[in-house]
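In case you want the letters, here they are:
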Amino acid sequence: MKRIIALFLLFLVLFASCAAPTSSGDEITETFRTLPSATYAVSVTSSFPSRETSHTLEYIYKKEKQGRITVIAPEDVKGIALTVQDGSGTLSFDGAYLETGPLDASGLSPFSALPALMNVWQEGNFREIQNAKIFGQDSFLVISEKASEESILEYRTWFSKEKFLPLFAEIFSDGKRVIQCKFERAEHT
């Protein structure tokens with residue numbers, strides 16, 4: 001009888017651990033759909049065919065208003081900023097402005113990666129959600145996929161379990177990792 005009770009309890013624990021991420025997916029989506037604003041400091045590493053670049057960016061997101069991405073490192077490009085609204089961007093530096101047009105038709109870049117991630121988090125439709133650990137912290141790993149004529153993009157994001165703050169993200173294009181984002185600071189307001 002004790003074995004049956006022990007097996008039953010084990011089954012309940014396993015079932016509960018499997019069920020939690022599904023409801024969390026809805027909670028993550030709702031959190032980002034209703035988020036009025038957020039500020040992130042993010043180390044972004046981009047892997048191009050012949051080189052790799054690293055930047056530290058500040059991303060200020062404002063629902064239904066202009067967002068802004070500013071380079072805060074390295075020093076030689078510090079201050080370059082991209083204002084984002086309705087999927088288009090305006091690049092600025094030292095008083096000069098350049099209209100960039102659409103940010104993504106899978107012309108993924110270090111600048112377009114953060115708005116693309118925000119869009120994925122707001123849309124939901126996650127392919128997979130797992131309990132995970134990253135940087136020693138319990139988290140949810142959320143995986144999404146978007147296909148276009150140009151490529152298949154896979155988005156992987158690790159969120160804190162408490163407030164669904166992004167901790168780390170990766171973007172893959174046709175199976176190759178092209179962007180890594182380590183969130184050094186994340187604030188939702």
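Everything below is about the structure shown above.
Read on for an overview of the structure. Keep in mind it's a predicted model, so treat the numbers as computed, not measured.

### Some points on the pattern of salt bridges
Okay, so step 1: Using the criterion set out here, one finds eight salt bridges in the structure.
Okay, so step 2: Residue Arg-127 pairs with Glu-145 through a salt bridge whose shortest N-O separation is 2.8 Å. Placement of Arg-127 in the loop between α2 (110–123) and β7 (128–134) and of Glu-145 in strand β8 (residues 137–147) is noted, with a sequence separation of 18 residues between them.
Okay, so step 3: By relative accessible area, Arg-127 is classed as partly exposed at 44%.
Okay, so step 4: Residue Glu-145 is classed as partly exposed on the basis of its relative accessible area, which comes to 44%.

### What about the nonpolar core?
Okay, so step 1: Among the nonpolar cores identified, the biggest contains 37 residues, and Tyr-40, Trp-121 and Cys-181 are the most heavily contacted of them.
Okay, so step 2: The element best represented in this core is α2, accounting for eight residues.
Okay, so step 3: The contact partners of Trp-121, leaving out residues within four places of it in the chain, are Ile-28, Thr-29, Phe-32, Tyr-40, Phe-126, Thr-157, Phe-159, Pro-166 and Phe-183.
Okay, so step 4: Among the nonpolar cores identified, the runner-up in size contains seven residues, and Ala-132, Leu-141, Trp-158 and Phe-168 belong to it.

Quick notes on the rules
Residue positions are counted from 1 within each chain, in the order its sequence is given. Local features in this predicted model are restricted to residues whose pLDDT is 70 or higher, and side-chain atom pairs enter the listing and the counts only when it is 80 or higher, whereas totals over whole chains, interfaces and linings include all residues. Processing note: side-chain calculations cover all non-hydrogen atoms of the structure and skip hydrogens and water entirely. What makes a salt bridge here is a side-chain nitrogen of Lys or Arg within 4 Å of a carboxyl oxygen of Asp or Glu, nothing more. Segments assigned H or I by DSSP are reported as helices when at least four residues long, segments assigned E as strands when at least two residues long, and all are numbered from the N terminus. For each residue, the accessible area found with a 1.4 Å probe, counting protein chains only, is set against the maximum for its type, and the residue is called buried under 20%, exposed over 50%, and partly exposed in between. The criterion is simple. A nonpolar core is a set of buried Ala, Val, Leu, Ile, Met, Phe, Trp, Tyr and Cys residues joined through side-chain atoms within 4.5 Å. We call two residues in contact whenever any of their non-hydrogen atoms come within 4.5 Å of each other.

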